Amino acid sequence: MKKFAIAFLSLFVFATGVFAADPACGIWKSIDDKTGKVTAIWKIYEERGMLFGTIAAVVDNPQDVIADACKESYKNFPKAGPVNKMTTVGTPWIYNMVKESEGNWKGGNIVDPSNGKCYGCVIKYLNVGQKNKSFTAKVPTLAMAGTVGPIQVFQYWVKATEEDIKKVQEEFPASK
């Protein structure tokens, strides 16, 4: 019986490690690289082996704002319907990212719902003390790059919580 319990416990620990979420997954605050202000709170998640991201709360706009600056459609966009009629909150603006290694994703796209521009996307999870270019993470950070050809422009996002989402939603409620 003791051997069975040890084997079961070992299997449980192994399975927990195998099914642990990628460190890029979770809730993150996007930070404007010019102003240093929070622009939105995102939920980053893995689905069907790819990484996606939806805005959970948007700053300085009502939560039901329509992304009318977007095009009607984008190649391989994961949600059906006219994109320029979708709400900013709840739409998968980051999509079809492919895992390169733990915490590192590439090959997908990110659409900026404020202006409709679509970029290639690279996501790198940084632990405290890790560097990306001239940036050193002081807290767990996502290095988010919008790419056009060989040019990458990074923003650095920090961890957020469900409570952060609620605060932004209360401060900038839906207009209806």
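Predicted model, so just to flag it, every value in this text is computed and none were measured. (Residues numbered from 1 in each chain as written. Predicted model: local features only at pLDDT ≥ 70, side-chain atom pairs only at ≥ 80, totals over all residues. Heavy atoms only, no water.)

Draft legend 1. Highlighting the packing of aromatic side chains. Evaluated as defined, the whole model comprises 8 aromatic pairs. Measuring from ring centre to ring centre gives 5.2 Å for Phe-77 and Tyr-95, while their planes differ by 70 degrees; the resulting arrangement is edge-to-face. Of this pair, Phe-77 sits in the loop between strand S3 (50-58) and strand S4 (92-101) while Tyr-95 sits in strand S4; the two residues are 18 residues apart in sequence, bridging distant segments of the chain. Accessibility assignment for this pair places Phe-77 and Tyr-95 in one class, buried. Here the aromatic rings of Phe-135 and Tyr-156 are separated by 3.8 Å at their centres, their planes lie at 10 degrees, and the arrangement is stacked. On the criterion of sequence distance, the pair formed by Phe-135 in strand S8 (residues 135-136) and Tyr-156 in strand S10 (residues 151-159) is long-range, its members being 21 residues apart. Given the relative accessible area of 26%, Phe-135 is considered partly exposed. (Phe/Tyr/Trp six-rings, centres within 6.5 Å; stacked < 30°, edge-to-face > 60°. Helix = DSSP H or I, 4+ residues; strand = E, 2+ residues; numbered from the N terminus. Buried < 20%, exposed > 50% of the residue type's maximum accessible area, 1.4 Å probe, protein only.)

Draft legend 2. Broad picture of the environment of Ile-41. Mapping Ile-41 onto the fold places it in strand S2 (residues 38-47). On the basis of relative accessible area, Ile-41 is assigned to the buried category, the value being 1%. Measuring from C-alpha to C-alpha, the distance between Ile-41 and Thr-161 comes to 8.9 Å, with 120 residues separating the pair along the chain. Dropping the residues within four chain positions of it, Ile-41 is found in contact with Ile-27, Trp-28, Lys-29, Thr-54, Ile-55, Ala-56, Ala-57, Ala-160, Asp-164, Ile-165 and Val-168. (Contact = heavy atoms within 4.5 Å.)

Draft legend 3. Expanded view of unusual backbone geometry. Positive phi is not limited to glycine here, since Arg-48 has a value of about 55 degrees. Along the chain, Arg-48 falls in the loop between S2 and S3. We classify Arg-48 as exposed; its relative accessible area is 62%.

Draft legend 4. Seen up close, the side chain of Thr-91. Examined against the element boundaries, Thr-91 turns out to sit in the loop between S3 and S4. Judged by its relative accessible area of 0%, Thr-91 is buried. A polar contact of 2.6 Å, which involves the side chain of Thr-91, links it to the backbone oxygen of Thr-87. (Polar contact = N/O pair within 3.5 Å; in protein donor to acceptor, adjacent residues only side chain to side chain.)

Draft legend 5. Quick look at the pairing of S4. One ladder, built from 4 bridges, connects S3 with S4; its direction is antiparallel. Paired with Thr-54 across the two strands is Pro-92, which belongs to S4. In this sheet, strand S5 (residues 104-111) lies alongside S4 in antiparallel orientation, the contact comprising 5 bridges. Counterpart to Val-98 in the pairing with S5 is Lys-106. (Pairing = 2+ DSSP bridges.)

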